[in-house]
Each structure stands twice: as C-alpha cells, then as structure tokens.
Amino acid sequence: MSAVLLLNGPNLGILGRREPEIYGTDTLADIEAAVAEEVKVRGWDVLSVQHDSEGELVSALHRHSDMTVGALVNPGALMIAGWSLRDALASYAPPWIEVHLSNVWAREQFRHESVIAPLASGVVVGLGSYGYRLGARALMHLAAPDA
Ligand code: DQA
C-alpha cells in the first residue's frame, strides 16, 4: 500500500501539552488520525515519524524515500538552520509540503526564514493542526492530480 510520510521534528512529540495557546491542544496522535482520514480516499497509509534530533530525521528520509508517495514535513525549529535536513529533503524525490501550526511570520524574527521552504512544493502556516489536513489534500493533488 502507498504511504504518506508524516515527518515531525523536535518538540512536536509533545503537542497537546506544549504551549497550547500557540500550538493548540491536538496531540500528534490526533494529527496522525486526521491525515490518515484525509488520505484514505486514495487508499494511502500514513507513516508517521517524529524525532527530536536532526540526524534521526535525515535517516528516516533515507529509509523511507522509496516507499512513500509524498511527505508532510514540520521541521520545528530546524526550519531555522537544519542544513542536513534540508540536504536530505533535496534528495527526497516525491512532492512534499512544509507545515507549521503557528503563523511563524507573526512571531519572533528568527522564525521568519526557513532553510527548507525553497525546496518544498508548498508551505502551510498558521492554521493549527488543520494545516496538516490541507497539506495532505495538496499532496494528493500533487502526487496524482487525476486520481
Ligand atoms: C513550528 C514553528 C517553529 O518555529 C517552532 O520551532 C516549532 C513549531 C510550528 O509548527 O508552528 O517547533 O514548526
């Protein structure tokens, strides 16, 4: 079965109890379920990977690049200087969407640039966990526009 890679970076494993006024109350499990619900119309599965360290995320991309049809990537703070994550994504051939729960543009200056964004097919910011659903829909469109 085809699968979407749901890749979440540092501090995203504690969603639900992490600064809920910024990131909302949905947990990562809630987000996994929401993405699964979206992509099941295509018969796709969700392969969810969350790590707090950059190297693990890079390894996950290497490991799963051949078996996934696309990815939703929330790099967390690695958006700022995650150069090895950026290089791993450069080698990831399927389409992928960058997702941020919060509106990074409305926050501190250091969150205003993402080193991975120039490589993404698209970016969803500021819509909370709903952004992952939107990203999943965009991915279905990009991966198989006529299906
Ligand atoms: C985030 C935004 C990042 O700036 C922050 O470091 C995160 C979460 C978001 O989803 O809004 O960890 O990626």
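Refer to the preceding data block for the structure.
First, a word on what this report is: a plain description of the structure on this page. Because the structure is predicted, anything quoted here is derived from the model rather than measured. (Residues numbered from 1 in each chain as written. Predicted model: local features only at pLDDT ≥ 70, side-chain atom pairs only at ≥ 80, totals over all residues. Heavy atoms only, no water.)

A few words now on the sheet that holds strand S2 (residues 45-50). In spatial order, the strands read S2-S1-S3-S4-S5; together these five strands make up an open sheet with parallel pairing. Looking at the sheet topology across the chains shown, the edges are occupied by S2 and strand S5 (122-125). Taken pair by pair, the neighbouring strands of this sheet meet at an average axis angle of 20°, ignoring direction. Pairing between strand S1 (residues 3-8) and strand S3 (residues 68-74): six bridges, direction parallel. Residue pairing for S3: leucine 7 is matched across the bridge by valine 73. Packed on one face of the sheet, helix H3 (residues 54-64) meets S1, S2 and S3 and runs near 170° to S1. (Pairing = 2+ DSSP bridges. Helix = DSSP H or I, 4+ residues; strand = E, 2+ residues; numbered from the N terminus. Axes fitted to C-alpha atoms, helices over the stretch in contact; angles between N-to-C directions. Contact = heavy atoms within 4.5 Å.)

Right, let's talk about the pattern of salt bridges for a bit. Pairing of side chains with opposite charge becomes possible as their charged atoms draw close. Summed over all chains, the structure comprises six salt bridges. Measuring nitrogen to oxygen at the nearest pair gives 2.7 Å for the salt bridge that ties arginine 133 to glutamate 38. Placement of arginine 133 in helix H6 (residues 130-143) and of glutamate 38 in helix H2 (residues 28-39) is noted, with a sequence separation of 95 residues between them. In this pair, the class of arginine 133 matches that of glutamate 38, namely buried. The salt bridge involving glutamate 108 is made with arginine 107; its shortest N-O contact spans 3.8 Å. Looking at glutamate 108, the relative accessible area reads 36%, which means it is partly exposed. (Salt bridge = Lys/Arg side-chain N within 4 Å of Asp/Glu carboxyl O. Buried < 20%, exposed > 50% of the residue type's maximum accessible area, 1.4 Å probe, protein only.)

Another aspect to go through is the site of the ligand. The environment of the ligand is made up of Arg18, Tyr23, Asn74, Gly76, Ala77, Met79, His100, Leu101, Ser102, Val104 and Arg111. Note that an oxygen atom of the ligand is positioned 2.7 Å from one of the backbone N or O atoms of leucine 101. Within the side chain of arginine 111, one N or O atom sits 2.9 Å away from an oxygen atom of the ligand. Summarising the interface, the protein chains cover 99% of the accessible area of the ligand, which totals 320 Å² for the free molecule. Tallied by class, the residues present in the shell around the ligand amount to five nonpolar, four polar and two charged. (Near = heavy atom within 4 Å. Polar contact = N/O pair within 3.5 Å; in protein donor to acceptor, adjacent residues only side chain to side chain. Areas by Shrake-Rupley, 256 points an atom, 1.4 Å probe, with all protein chains shown as cover. Nonpolar A, V, L, I, M, F, W, Y, C, P; charged D, E, K, R; others polar.)

Two measures define how a pair of helices packs: the angle their axes make with one another and the distance between the axes. Across the interface, H2 lies against H6 with an axial gap of 9 Å and an inter-helix angle of 30°. Of the possible angle classes, the one that applies to H2 and H6 is roughly parallel. For the crossing formed where H2 meets H6, the hand is right-handed. For the pair H2 and H6, contact is made by Ile31, Ala34, Val35, Glu37, Glu38 and Val39 and by Tyr132, Arg133, Ala136, Arg137 and Met140, respectively. When grouped by side-chain class, the residues that make up the contact of H2 with H6 number seven nonpolar, no polar and four charged. (Parallel < 35°, antiparallel > 145°, perpendicular 65-115°, else oblique. Left-handed = near helix turned anticlockwise from the far one by under 90°.)

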